[in-house]
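Chain and residue survey
What follows is the residue order along each chain.
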Amino acid sequence: GVTNPNDLRILNDFRKGLKNPELLKWPDNGNDPCGPPSWSYVYCSGGRVTQIQTKNLGLEGSLPPNFNQLYELQNLGLQRNNLSGRLPTFSGLSKLQYAFLDYNEFDSIPSDFFNGLNSIKVLSLEVNPLNATTGWYFPKDLENSVQLINLSLVNCNLVGTLPDFLGTLPSLTNLRLSGNRLTGAIPASFNRSSIQVLWLNDQEGGGMTGPIDVVASMTFLRQVWLHGNQFSGTIPQNIGNLTSLQELNLNSNQLVGLIPDSLANMDLQILVLNNNGFMGPIPKFKADKVSYDSNLFCQSKPGLECAPQVTALLDFLNNLNY
């Protein structure tokens, strides 16, 4: 056979760790997954395994601890199965560009999992019960993954604060971190980022805090989900600088103050402002879909001015940061 012997051993270890390996349709006596004929769901180059694509097969079982010895692996698609147990480290998979491990049942992740993923472009671990009791902190090793474009860690028990380096990764455009246990503020370094999709919504245990001023400097943003946190302060006046923004959700925070004219005049597809402490008049929004229930507006309909006394009081409160 032409297959690298170590790659063959790891594939067989993968098969042995499954409760339903028959779903792979790999030959029982096969010793050459790189073929011809090659094994189903396995792709090779020069006798080395470069891809494994088994998404949505219903696989049950765990991954072998030596999985990171597939040194030529570039693309891994294990998403939407029933894989469980401890994730093996991916340390040293320097050629891995795409890793989809989402929608499984992996219950723990080693601290060195992200070490040396220098070529990674897309990484998804979303919807896995990783370290459910203690949680796990944002991996500092990702600071060296300068080609990273899409990072999705939705609903996988991240805790702690966001690291500054996230704002300086040069290729990062999609950052999805919803439904974790993150705390603290949006790092100031995000004002230099190229992020287009930012999901920080619905953090458990109180959620993220601080102002949202830095968001107005993230000029590439298209979609921003900040709902279900404890962000405070006012909507920045320069929010209108986000000329690519299509969707902004600020529902259920502690934001206050007047709605800036710059926001009201933005051609958004979706704008959600419910359940905050916004005050003053309701502007006439240009957004296609807008909701603003459960705030402290002085009128119930858009375009109506507040009474002069209320306007004077709001000016006074503005000088005290509300």
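Look up a bit, the structure's there.
Residues numbered from 1 in each chain as written. Predicted model: local features only at pLDDT ≥ 70, side-chain atom pairs only at ≥ 80, totals over all residues. Heavy atoms only, no water.

**What to know about the overall build of the protein chain**
Within the protein chain, the secondary structure is distributed over three helices and 23 strands. The burial tally for the protein chain puts 52% of its 322 residues in the buried class. For the protein chain, the proportion of contacts with a sequence separation of at least 24, taken over those separated by at least 6, is 45%. Summed over all atoms, the accessible surface of the protein chain reaches about 14,300 Å², with 47% contributed by carbon and sulfur. A gap of 5 Å separates the mean positions of the 20 positive and 25 negative side-chain charges of the protein chain. (Helix = DSSP H or I, 4+ residues; strand = E, 2+ residues; numbered from the N terminus. Buried < 20%, exposed > 50% of the residue type's maximum accessible area, 1.4 Å probe, protein only. Contact = heavy atoms within 4.5 Å. Areas by Shrake-Rupley, 256 points an atom, 1.4 Å probe, with all protein chains shown as cover. Lys, Arg positive; Asp, Glu negative; His and termini not counted. Charge placed at Lys NZ, Arg CZ, Asp CG, Glu CD.)

**Some points on the side chain of glutamate 247**
Relative to the helices and strands, glutamate 247 resides in strand S18 (residues 247-249). In this structure, glutamate 247 is buried with no salt-bridge partner, the nearest side chain bearing the opposite charge being arginine 222 at 8.5 Å. If near-sequence neighbours (up to four positions away) are discounted, glutamate 247 is found in contact with Arg222, Gln223, Val224, Trp225, Leu268 and Ile270. (Salt bridge = Lys/Arg side-chain N within 4 Å of Asp/Glu carboxyl O.)

**Observations regarding the nonpolar core**
With 86 residues, the main nonpolar core has Leu125, Phe138, Phe190, Leu263 and Leu273 as its most contacted residues. Within the residue set of this core, elements represented by two or more residues are helix H1 (5-16), strand S2 (48-53) and helix H2 (261-264). Beyond its immediate sequence surroundings of up to four residues, leucine 273 is in contact with Ile235, Leu250, Ile259, Leu263, Phe278, Phe285, Ser291, Tyr292 and Asn295. (Core = buried A, V, L, I, M, F, W, Y, C linked by side-chain atoms within 4.5 Å.)

**Brief notes about the state of the cysteines**
A complete count under the given rule lists two disulfides for this structure. Here cysteine 34 is linked by a disulfide to cysteine 44, with a sulfur-sulfur distance of 2.0 Å. The sign of the S-S torsion, about -80°, decides the handedness of the disulfide formed by cysteine 34 and cysteine 44: left-handed. With cysteine 34 in the loop between H1 and strand S1 (42-45) and cysteine 44 in strand S1, this residue pair connects regions lying 10 residues apart in the sequence. Bridging cysteine 298 to cysteine 306, the disulfide has an S-S length of 1.9 Å. Between cysteine 298 and cysteine 306, the S-S dihedral sits near -90°, and the bridge is therefore left-handed. Classification of cysteine 298 by relative accessible area gives partly exposed; the value is 29%. According to the relative accessible area criterion, cysteine 306 is buried, its value standing at 10%. (Disulfide = S-S within 2.5 Å.)

**Let's talk about the packing of aromatic side chains**
One pass over the full model with this rule turns up 11 aromatic pairs. Plain terms: the ring middles of tryptophan 26 and tryptophan 39 are 4.9 Å apart, the flat faces sit at 35° to each other, and that makes the pair tilted. With tryptophan 26 in the loop between H1 and S1 and tryptophan 39 in the loop between H1 and S1, this residue pair connects regions lying 13 residues apart in the sequence. A residue is classified by how much of its surface remains accessible, and tryptophan 26, at 5% relative accessible area, is buried. Residue class for tryptophan 39 comes out buried when judged on its relative accessible area of 4%. The aromatic ring of tyrosine 103 is capped on one face by arginine 80, whose charged end is 4.0 Å from the ring centroid. (Phe/Tyr/Trp six-rings, centres within 6.5 Å; stacked < 30°, edge-to-face > 60°. Lys NZ or Arg CZ within 6 Å of the ring centre and 35° of its normal.)

**Section: a nonpolar patch on the surface**
Taken together, Leu313, Phe316 and Leu320 make up a surface patch of nonpolar side chains, about 320 Å² in accessible area. Here phenylalanine 316 lies in helix H3 (residues 308-319). (Patch = residues over 30% accessible without salt bridge, like charges linked within 9 Å, V, L, I, M, F, W, Y side chains within 5 Å.)

**Remarks on the pattern of salt bridges**
Enumeration according to the criterion identifies three salt bridges in this entry. The partner of aspartate 7 in a salt bridge is arginine 48, and the shortest N-O contact between them spans 3.0 Å. Taken as a pair, aspartate 7 in helix H1 and arginine 48 in strand S2 lie far apart in primary sequence, 41 residues in all. For lysine 140, the salt bridge goes to glutamate 143, with nearest N and O atoms at 2.6 Å.

**Describing H1**
With 12 residues, H1 should cover 16 Å at 1.5 Å per step; its first-to-last C-alpha distance of 16 Å lies within 8% of that length. All of the buried residues along H1 are Asn6, Asp7, Leu8, Ile10, Leu11, Asn12, Phe14 and Arg15. Buried positions along H1 lie against S1 and S2. (Expected span 1.5 Å × (residues − 1).)

**What to know about the sheet that holds strand S7 (residues 105-108)**
Ordered by their spatial adjacency, three strands build an open sheet running S3-S5-S7, and the pairing between neighbours is parallel. Both edges of this open sheet fall to strand S3 (60-61) and S7, since each of them pairs with a single strand only. Of the strand pairs in this sheet, strand S5 (residues 82-86) and S7 are connected by three bridges, and their pairing is parallel. Across the sheet, residue serine 84 finds its bridge partner in S7, namely glutamate 105. (Pairing = 2+ DSSP bridges.)

**Some thoughts on the side chain of threonine 3**
The residue threonine 3 is located in the segment before H1 in this model. By relative accessible area, threonine 3 is classed as buried at 8%. A distance of 2.5 Å separates polar atoms of two side chains, one belonging to threonine 3 and the other to aspartate 32. A polar contact is formed between the side chain of threonine 3 and the backbone nitrogen of cysteine 34, at a distance of 2.9 Å. In contact with threonine 3, not counting residues within four places along its chain, are Leu8, Asp32, Pro33, Cys34, Gly35 and Gly47. (Polar contact = N/O pair within 3.5 Å; in protein donor to acceptor, adjacent residues only side chain to side chain.)

Worth remembering: the numbers are spatial, not functional.
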